Structure formats: structure tokens, C-alpha cells
Amino acid sequence: MAIALIFCLIFARLFYVQLVWGRELKYKATDQWNREIPVIASRGLITDANGEILAGNITTYSVFLRPNAVENAEYTATVLSGLFSVDPQAVLEKINGGKVSEITVARQVSKESVEKLVSYSLPGVYYSRDNTRQYTYNDALCQVLGFTANDGSGLSGLEKYYNNILSGTNGEISYTTDIVGIETENPVVVYSEAKSGDKISLTIDIDIQLAAEEAMRRAYVSSGAKSVSCIVLNPSNFDVLAMVNYPSYDLNDVPRDDMETLNALSRNSVVCDIYEPGSTFKIVTAAANIEEHLRGNSKAFSNSYIFNGSRTRTVDSTKIKCWSDHSNGKHSNQTLAEALNNSCNPCFTDIALSLGKDTFYDYLNSFGFGNVTGLDFSGEALGMLVPQALVRDCDLARIGFGQTVAVTGIQLACAAAAAVNGGNYYTPHLLKSVTLSNGKTQKYNPVLKYKPVSEKASRTLAAMLEGVVTEGSGKKAYIEGYKVGGKTGTAQKYEDGHVASGKYVSSFVGFFPADKPEYLALIIVDEPQGTYYGSAVAAPVAKEIFEDIISIKNIQPYN
């Protein structure tokens with residue numbers, strides 16, 4: 001009986017080893033008798049809308065070591081240390097440790113370093129080609145493009161968002177070796193080809209991007225601001241033509257050893273951060289009023305309606321004041337167009353309260369507030385909008401002129417574009433097309449999300465906003481011979497629920513040609529020192545960018 005039991009145990013063990021454990025043992029045996037050299041796939045290119053390379057590759061090499069095949073451990077560790085600036089003692093310990101079959105000595109080393117390595121003919125040491133990402137314009141678009149890890153995978157920005165498209169598939173070269181990993185006299189070589197990643201083309205126009213980068217750099221220096229940012233859109237389809245955040249960093253010299261600094265500098269603030277927009281938000285309030293008037297809503301004000309000139313409104317026992325003391329007489333009695341010119345807060349309080357919570361919130365939702373725009377970029381913020389069920393009249397009054405609401409730059413730019421482009425709200429996008437390894441191209445088609453206002457309302461508003469630039473608070477964005485529209489904004493910042501003394505966000509959203517917009521720019525200057533009004537700080541920057549676009553695209557003056 002005992003002998004039968006022993007035979008049963010032996011057969012059970014044999015069954016387990018052959019059928020259950022067999023695959024793993026076979027793999028281990030094969031690994032002992034083969035050496036694999038990885039063939040790293042070339043990462044897909046990233047280009048701008050015109051085919052200019054923004055992110056490409058340069059050929060570099062990775063160096064590996066098989067401890068079992070090393071003949072002189074100390075000499076090998078010393079040579080590798082001298083060539084690749086690695087700790088010789090650490091290498092020596094790994095060689096002698098006997099715990100791993102292969103060690104990665106260095107990645108992304110130059111051809112010259114590999115040629116020196118070859119001259120030493122070190123047994124057990126070999127290399128393979130890999131790729132190092134190279135960015136043509138250094139710090140330009142750094143928060144948008146993002147960067148890659150040492151193994152070539154995307155870590156941030158579009159490099160991460162589109163990593164599956166860009167990364168490709170690695171291959172390998174396999175050689176037969178003896179039990180200690182030394183290549184046999186007549187090795188069997190098996191080559192598995194790498195598949196390159198696909199190319200992506202962006203909507204970014206690098207010429208416009210560089211012009212915007214330079215304008216924002218100057219604004220950062222001249223204003224003494226904490227940071228500055230900008231987005232340039234094509235209002236007809238919401239192509240992102242430029243996106244700038246400053247200060248920035250060099251993509252070819254990423255500060256990987258200082259994660260706090262890297263996290264701060266690599267953050268795409270126009271997408272991921274929120275702020276109180278102030279008077280630029282009046283574009284949305286005005287659009288809602290104009291549309292409701294056209295629809296016959298008796299609570300909406302006509303374009304010729306004269307608003308009360310009082311500086312103060314009292315709502316829910318809360319006093320809401322205009323930024324101006326009204327002493328110059330301009331704010332006395334004014335139409336909607338004049339209220340936009342003067343950026344008079346009480347007029348927009350009147351509009352929001354008159355339209356009412358339900359109607360006004362319908363427009364806020366259709367203009368995309370309180371939700372992401374759907375931009376193809378990770379980490380987009382929702383913004384902050386008081387829940388409709390909880391909003392009080394005093395909240396509604398403040399939202400009307402851009403307080404008690406927080407937005408992202410991309411949200412506001414898209415809302416403004418929809419308000420002036422004929423009333424079409426598209427999903428904004430950075431991807432223009434993908435070119436597959438077989439040469440076929442897949443193009444991105446604009447997606448219409450909402451129709452917040454009619455074309456007639458949109459054209460009426462655009463004409464009013466042109467007046468803001470020709471005769472109102474946006475005069476410093478005026479360009480002789482060109483129809484520019486826009487709206488200024490100046491908002492106080494809050495800290496711990498209280499107004500932060502002396503801290504403002506200055507902004508301007510502008511577009512041209514005003515009667516058929518092709519370019520829209522939002523400028524945000526965070527905590528400028530000294531002069532802080534959007535009319536003085538942000539509007540002139542938009543003018544610079546528009547003038548550069550006019551020059552780049554050879555746009556003729558309006559006749």
C-alpha cells in the first residue's frame with residue numbers, strides 16, 4: 001500500500017512538471033541558451049500643421065551586461081565606469097551578485113561612446129540601438145508636447161496622451177549562447193523587426209506659436225507677473241493654433257532631478273488651472289441677452305435699451321459695485337454696446353437677474369462652463385460653477401460680470417469663439433491627423449457640440465465687441481486697417497476665501513476679422529505688478545500677436 005502511494009506521488013509530480021510547470025521550465029531553459037538584443041522602435045514624429053517637425057529622434061544606444069559571460073569583473077566595471085559615468089563598485093556588485101542574468105548599464109549614449117566601448121572587446125558586454133527624443137524648438141510648446149522617459153515612453157503632455165500611437169513596437173535580435181551566456185561558435189540568429197510609431201500632425205502653427213511665445217515672454221518681463229499664458233484658436237473649427245505658458249523649460253534638458261520645479265513648469269495652466277475671469281465673461285452674458293431678445297423673451301433687454309446709470313446694485317442685501325466710480329459720466333445711462341465698451345458691472349448684473357437662473361444657466365451650460373471642453377489633453381479641469389439648485393440671486397448677479405465663477409483658459413476661449421463665430425461650439429483639438437506606418441493618413445474632423453446662440457445674435461455681438469476695441473476699454477488692441485474685436489478683464493484673486501490684497505488676474509480675449517473671425521487669442525497675466533488692468537496689461541499683447549499673424553499670413557488690410 002505504501003509503495004503504491006509513493007508511485008502515485010511520483011506520477012503526480014511528473015504530471016505537474018511536464019504539463020503544469022513545463023512551459024515555465026522551457027522558457028527558463030531557452031533563456032539560458034539565448035541572448036536577446038532589443039531593437040528599439042523609432043518613436044513617431046510630431047509635426048505642426050504645416051509639416052514642421054516639433055519632436056523627432058536621434059540615434060543613441062543602450063549598453064547591457066551579462067554577468068555570467070564576464071571574464072574580468074573588476075576590469076569590466078572600471079572600463080564601464082570611465083565610459084558611462086556609472087559607479088564601478090555598484091557594477092561590480094551586480095556582476096558578482098549572481099541574482100540577475102542581465103544588467104542595463106546605460107541608456108541613450110552616443111555613437112562615439114559605443115565606438116570606444118567596442119575597442120575594449122569586453123566579454124559579456126553588448127549594446128543595441130535606441131532613440132533619444134529631440135525637440136526642434138527647445139522650450140516652445142513644452143507644456144503641450146510634454147516629454148518621454150528614458151525608455152522612450154511618454155510621461156506628460158501629448159507624448160503621454162498619444163503614447164500608444166507614437167510608441168511603435170520593439171523588435172529583437174536573438175543569438176544562441178552556451179550555458180553561461182557566451183555566444184556559440186556558429187550561433188543561430190533570429191531577427192524580429194521593430195515597427196516604428198505613427199506620425200501625428202498637430203493643429204499648431206509653429207510660426208504663430210513662436211510669435212506668441214515671444215510676445216508672452218516680453219509680457220512676463222515687463223509686467224513682473226507670476227506667470228503668463230495664451231491660447232490662439234481658429235474660431236471656425238476650434239483648431240488650437242498656439243498655446244503658451246510662461247515661465248517654461250527646455251524639453252531637451254528636462255530638470256528631472258528637481259521634481260517640484262518640473263511639475264510646476266510642465267503644468268499646462270490654460271487647460272489644467274482655473275481662475276475667476278472677470279469682465280471677459282461679459283461676452284457670454286451679452287450673448288445670452290441678445291439671443292433671448294431675438295427669441296422674443298420679454299425679460300431680455302433690447303440693443304437700444306438704456307440701463308440705469310447707478311454705480312451700485314443691492315441684491316439679497318449684498319451691495320454689488322462697478323469697478324468705476326462713474327464720476328466721468330461715461331457709465332451714466334448706456335446701451336448694451338456702451339456697457340461692453342465701459343465694462344460696466346451693474347448692467348450685466350441686471351441682465352443675469354432679468355433672464356433668471358434657469359434661462360441663464362441654460363446658456364452657461366451650452367457655452368461649456370462647469371464641464372470639460374473635450375480637448376485631447378490629459379488633466380483638463382472642470383472649472384467651478386455654483387450648482388443651479390443652490391445659486392442665489394446675489395450669486396447670479398456676480399456671475400453675470402464674471403465673479404463667483406471659475407473657468408479654464410480653454411473654456412473661456414472656446415466660449416468666446418462660439419459667441420462670435422456664428423454661434424457654433426466645436427470640440428477643441430490639438431490633433432490634425434495621424435499618418436500610419438503604411439503611409440495612410442487619418443484626418444481629424446471638427447465635431448460640433450452645441451449651438452448656444454444664433455448666427456444673427458453672434459454677428460450682433462461681434463460688432464459690439466469691435467466697438468470695445470475701436471472706442472472702449474480694448475483700444476490698446478486696435479490695429480489700423482483691420483477689424484479687431486475683443487473684451488478686457490481684470491479680476492481680484494482670492495486666498496482662503498478672502499480677497500487677496502493687490503493680487504489680480506488681467507486678461508483680454510480678442511479676435512479678427514471681427515465680421516468673420518479667423519483668429520482668436522486669449523491672454524492671461526497672473527499677478528502683474530504695478531498696472532494691473534487687462535486693458536493696459538493684456539490687450540497690447542494680443543495686438544502684438546495679431547500683428548505678427550498679419551505679417552506671417554500676409555493678411556491685407558480691410559478696405
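Residues numbered from 1 in each chain as written. Predicted model: local features only at pLDDT ≥ 70, side-chain atom pairs only at ≥ 80, totals over all residues. Heavy atoms only, no water.

**Things to note about the overall build of the protein**
So, point 1. A count of helical and extended segments in the protein gives 20 helices and 21 strands.
So, point 2. Taking as baseline every contact in the protein between residues at least 6 positions apart, the subset at least 24 positions apart corresponds to 72%.
So, point 3. Carbon and sulfur atoms make up 50% of the accessible area of the protein, which totals about 25,800 Å². (Helix = DSSP H or I, 4+ residues; strand = E, 2+ residues; numbered from the N terminus. Contact = heavy atoms within 4.5 Å. Areas by Shrake-Rupley, 256 points an atom, 1.4 Å probe, with all protein chains shown as cover.)

**Points about the sheet that holds strand E9 (residues 227-234)**
So, point 1. Reading across the sheet, the five strands line up as E10-E9-E21-E20-E19 and stay open at both edges, with antiparallel pairing between neighbours. Pairing within the sheet leaves two strands with one partner each, and these edge strands are strand E10 (239-246) and strand E19 (485-495). Adjacent strand axes in the sheet meet at a mean angle of 10°, parallel and antiparallel pairs treated alike.
So, point 2. Looking at chain direction, E9 and E10 are connected through seven bridges and run antiparallel. Bridge pairing links cysteine 230 to valine 244 in E10. (Pairing = 2+ DSSP bridges. Axes fitted to C-alpha atoms, helices over the stretch in contact; angles between N-to-C directions.)

**Remarks on the pairing of strand E16 (residues 431-435)**
So, point 1. The buried count for E16 comes to four of five residues, which makes it a mostly enclosed element.
So, point 2. Looking at chain direction, strand E8 (residues 199-202) and E16 are connected through four bridges and run antiparallel. Directly across from leucine 202, in E16, lies its bridge partner leucine 431.
So, point 3. Inspection of the sheet shows E16 paired to strand E17 (residues 441-443) by three bridges, in the antiparallel sense. The residue bridging threonine 435 from the neighbouring strand is threonine 441, located in E17. (Buried < 20%, exposed > 50% of the residue type's maximum accessible area, 1.4 Å probe, protein only.)

**Quick look at helix H14 (residues 345-355)**
So, point 1. For H14, the tally of buried residues reaches nine of 11 residues, placing the bulk of the element in the interior.
So, point 2. Among the residues of H14, those classed as buried are Asn345, Pro346, Cys347, Phe348, Thr349, Asp350, Ile351, Ala352 and Leu355.
So, point 3. If you follow the buried residues of H14, they end up packed against helix H12 (282-294), strand E11 (312-315), strand E12 (318-321), helix H13 (336-342), helix H15 (357-366) and helix H16 (393-399).
So, point 4. Phi for glycine 356, located one or two positions after H14, is positive at around 90°.

**Quick notes on the environment of tyrosine 482**
So, point 1. Note that tyrosine 482 resides in the loop between helix H18 (455-471) and E19.
So, point 2. Residue tyrosine 482 is classed as buried on the basis of its relative accessible area of 16%.
So, point 3. C-alpha separation for the pair tyrosine 482 and alanine 514, spaced 32 residues apart in sequence, amounts to 8.5 Å.
So, point 4. In this structure, tyrosine 482 is in contact with Ile550, Ile555, Gln556 and Pro557, ignoring residues within four places of it in sequence.
So, point 5. There is a polar contact of 2.7 Å between the side chain of tyrosine 482 and the backbone oxygen of isoleucine 555. (Polar contact = N/O pair within 3.5 Å; in protein donor to acceptor, adjacent residues only side chain to side chain.)

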